[in-house]
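# Tertiary structure, described
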Amino acid sequence: MSIEQKRVLTTAIPGPRSRALHARKVAAVSSGVSTGLPIYVERAGGGIVVDVDGNQLIDFGSGIAVTSVGNAAPRVVEAVQRQVADFTHTCFMVTPYEEYLAVCEQLNALTPGDHEKRSALFNSGAEAVENAIKVARHFTGRQAVVAFDHAYHGRTNLTMALTAKNMPYKDGFGPFAGEIHRVPMAYPYRWPTGRETCADEAFAEFVQRVHTQVGEQNTAAVILEPIQGEGGFIVPAPGFVATVARWCKDHGILFIADEIQTGFCRTGDWFASEHEDVVPDIVTVAKGIAGGLPLAGVTGRADVMDSVHGGGLGGTYGGNPVACAAALAAIETMRTDDLAARARAIEALFRPRLEALAAKYDQVGDIRGRGAMLAVELVASADDKTPNAALTSAVNAFCHHEGLITLTCGTYGNVFRFLPPLVAGDDLLSEGLDILEAAFAASV
Ligand code: PLZ
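Numbering of residues starts from 1 in each chain and follows the order in which that chain's sequence is written. Two thresholds apply to this predicted model, a pLDDT of at least 70 for residue-level local features and 80 or more for giving and counting side-chain atom pairs, whereas whole-chain, interface and lining totals are computed over all residues. For side-chain calculations, the full set of non-hydrogen atoms in the structure is used, while hydrogens and water are omitted.

## A look at the sheet that holds strand E12 (residues 373-378)
Using the following cut-off: A pair of strands counts as paired when DSSP detects no fewer than two bridges linking them. Under the DSSP-based scheme used, a helix requires at least four consecutive residues in state H or I and a strand at least two consecutive residues in state E, with every element numbered from the N terminus. In this analysis, axes come from line fits to C-alpha atoms, helices being fitted only over the stretch in contact, and the angle between any two N-to-C directions falls in the range 0 to 180 degrees.
In space, the four strands of this open sheet follow the order E11-E12-E15-E14, with antiparallel pairing throughout. Only two strands of the sheet have a single partner each, and these edge strands are strand E11 (364-370) and strand E14 (407-409). Strand-to-strand twist of the sheet, defined as the mean angle between neighbouring strand axes without regard to direction, takes the value 25 degrees. Note: E12 against strand E15 (residues 415-418), four bridges, orientation antiparallel. Bridging from a neighbouring strand, valine 376 pairs with phenylalanine 416 of E15.

Written out as structure tokens, the structure is:
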């Protein structure tokens, strides 16, 4: 790894070069596209991002759960360089190539369940979700789709409708796609009657809503993130996901697991569904699959995926050969370096530190997540669970100024989340956690 795995601050964050670039950003880029931490990046690798002022920041975000194998990961770089020199594009729908097949074979083998599967490749997570819904509607001949409170599935028109949160994702962007129905999520920390009753009551409510407001016979699919991402790293109450999946099966409804953020070793397994022994009918993937190159996939039961007429699925760039080569190298890296185990080790490193924070600060209401997808939810106090978005922003700003790239999330903007590259070393991660502690000390 050519970048020294060390935090270095040479200027204030952001430094003068980043500030100058940011002035150009304001003049050239739509204000609709915002930046969380406007340091402009020159290089990145392992757990470090180097900016144009020579600052080296610790990365707790992985570009939103993408660079699990690290930035510019050696095997990925080598595979991309080889592929880009061979050919960059033909369009798989025109003249196909082996790399696309190899990625689909990997997806069919790695996603949960040993049944016969088929896959199709796309460019972004949202596009994968769109296509999963297309396939589910086509296969079932039904139109309704059920999504959950706090869900995030993308920013295109159909996926905006599936996404729960208005601001910033939906506000003023309607009308939204029809036949999307929302049901409560089994959110243990905020379930009115408490954690113990959460799974059963949320399931009863789910069944009641779908039955009375939608009709099982009209429902093509239920789509769910096995751990909700943008909505607040909400781990559904144990048993909830499996019960919903089983109920779907009983009613001929397809169960779609959106593993775009949770997939590819992030939560300590290849896929988060495995933790609950859930075998989805369809899985959507993106983000971590290709080490930072844009690639997404839909993998599902062969009978479901093969129900679509020839030419019904596709797109100019879907399964681009360079992105496929990157994915094969990233998957190979995850397998040989056992990055699922590394995600579990990262959880073992983070948990006690987060628990110490919770013991010290009344405002840390909940610690949750799995593997290297962890978060703390910040509230007014232990007794008053009013979301504390102000403290969340203050902690975030402190971390940024100290050279730690952090992300927030949550329906109420009060969740502080951790998504480090799985290849970041313990020393670097511990230093990041030291900064987090200092941020709490300075901000509470
Ligand atoms: N499904 C579960 O997490 C993307 C969004 C960042 P795309 N999450 C990061 C932002 O603010 O735009 C995501 C996800 C889940 C779908 C998506 C959409 O994936 O590749 O961003 O389209």
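The rest of the description comes next.
## Quick notes on the environment of alanine 257
Where we set the bar: Note on definitions: a residue-residue contact is assigned when non-hydrogen atoms from the two residues lie within 4.5 Å.
Its location among the elements puts alanine 257 in strand E8 (residues 254-258). With 119 residues separating them along the chain, alanine 257 and valine 376 place their C-alpha atoms 24 Å apart. Not counting the four nearest positions on each side in its chain, alanine 257 is found in contact with Leu224, Ser273, Pro280, Ile282, Val283 and Thr284.

## Remarks on the pattern of salt bridges
Pairing is possible between side chains that carry opposite charge, provided their charged atoms lie close to one another. Going by this rule: Only one rule defines a salt bridge in this text: a Lys or Arg side-chain nitrogen within 4 Å of an Asp or Glu carboxyl oxygen. Burial classes: relative accessible area under 20% of the type maximum marks a residue as buried, over 50% as exposed, and values in between as partly exposed (1.4 Å probe, protein chains only).
Inspection of every chain in the model, using the stated rule, returns 18 salt bridges. Arginine 118 serves as the salt-bridge partner of aspartate 306, at 2.9 Å between the closest nitrogen and oxygen. Here aspartate 306, found in the loop between helix H9 (302-305) and helix H10 (321-336), pairs with arginine 118, found in strand E4 (residues 117-122); they are 188 residues apart in sequence, far enough to count as distant. Exposure remark for aspartate 306: the relative accessible area of 46% places this residue in the partly exposed category. For arginine 118, a relative accessible area of 30% corresponds to the partly exposed category.

## Some points on the site of the ligand
Formally: Throughout, the term near means that a residue has one or more heavy atoms lying within 4 Å of the molecule or strand in question. Pairs of N or O atoms are called polar contacts if they sit within 3.5 Å, as long as, within protein, a hydrogen donor faces a hydrogen acceptor (for residues adjacent in sequence, only side-chain-to-side-chain pairs). Working definition of accessibility: Shrake-Rupley area with a 1.4 Å probe, residue cover restricted to the visible protein chains. Three categories are distinguished: nonpolar for Ala, Val, Leu, Ile, Met, Phe, Trp, Tyr, Cys and Pro, charged for Asp, Glu, Lys and Arg, and polar for the others, with Gly belonging to the last.
As a matter of local geometry, the ligand sits amid 15 residues, with Gly125, Ala126, Arg155, Asp258 and Gln261 nearest to it. For the ligand, an oxygen atom lies 2.7 Å from a polar atom in the side chain of arginine 155. Between the ligand and lysine 287, the relevant distance is 3.1 Å, taken from a nitrogen atom to a side-chain nitrogen or oxygen of the residue. Within the complex, the protein chains bury 82% of what would otherwise be the 510 Å² of accessible surface of the ligand. The residue makeup of the shell around the ligand, split by class, is five nonpolar, five polar and five charged.

## Some remarks on the packing of helix H12 (residues 389-401) against helix H13 (residues 426-443)
Just so we agree on the cut-off: Convention used here: angles under 35 degrees read as roughly parallel, angles over 145 as roughly antiparallel, angles from 65 to 115 as roughly perpendicular, and any remaining angle as oblique. Helix crossings are classified by the rotation of the near helix relative to the far one: an anticlockwise turn of less than a right angle makes the crossing left-handed, while a clockwise turn makes it right-handed.
Axis separation between H12 and H13 bottoms out at 9 Å; the angle between their running directions is 130 degrees. Taken as axis vectors, H12 and H13 run oblique relative to one another. In terms of crossing hand, the pair formed by H12 and H13 is right-handed. For the pair H12 and H13, the contacting residues are Leu391, Ala394, Val395, Phe398 and Cys399 in the first and Ile435, Leu436, Ala438, Ala439, Phe440, Ala442 and Ser443 in the second. Grouping the constituent residues of the contact of H12 with H13 by class yields eleven nonpolar, one polar and no charged.

## Notes on the sheet that holds strand E2 (residues 48-51)
Read from one edge of the open sheet, four strands run E1-E2-E3-E13, paired in mixed fashion. Edge positions in the sheet fall to strand E1 (41-45) and strand E13 (404-405), since each has one partner strand and no second. As defined by bridge partners, strand E3 (residues 56-59) adjoins E13 across two bridges and the pair is classed as parallel. Bridged to aspartate 59 within E13 is isoleucine 405.

## Focus on unusual backbone geometry
In the segment running from methionine 167 into proline 168, the intervening peptide bond is cis, with an omega of 5 degrees. Within the fold, proline 168 resides in the loop between helix H6 (157-162) and strand E6 (180-183). In this model, glycine 174 is joined to proline 175 through a cis peptide bond whose omega is 5 degrees. Phi angles above zero are rare outside glycine, and isoleucine 64 is one such case at about 60 degrees. You can see isoleucine 64 is positioned in helix H2 (residues 62-65). Exposure remark for isoleucine 64: the relative accessible area of 32% places this residue in the partly exposed category. A positive phi angle is found at lysine 287, which is not glycine, with a value near 40 degrees. Looking at where lysine 287 falls in the secondary structure, it is placed in the loop between strand E9 (282-285) and strand E10 (296-301).

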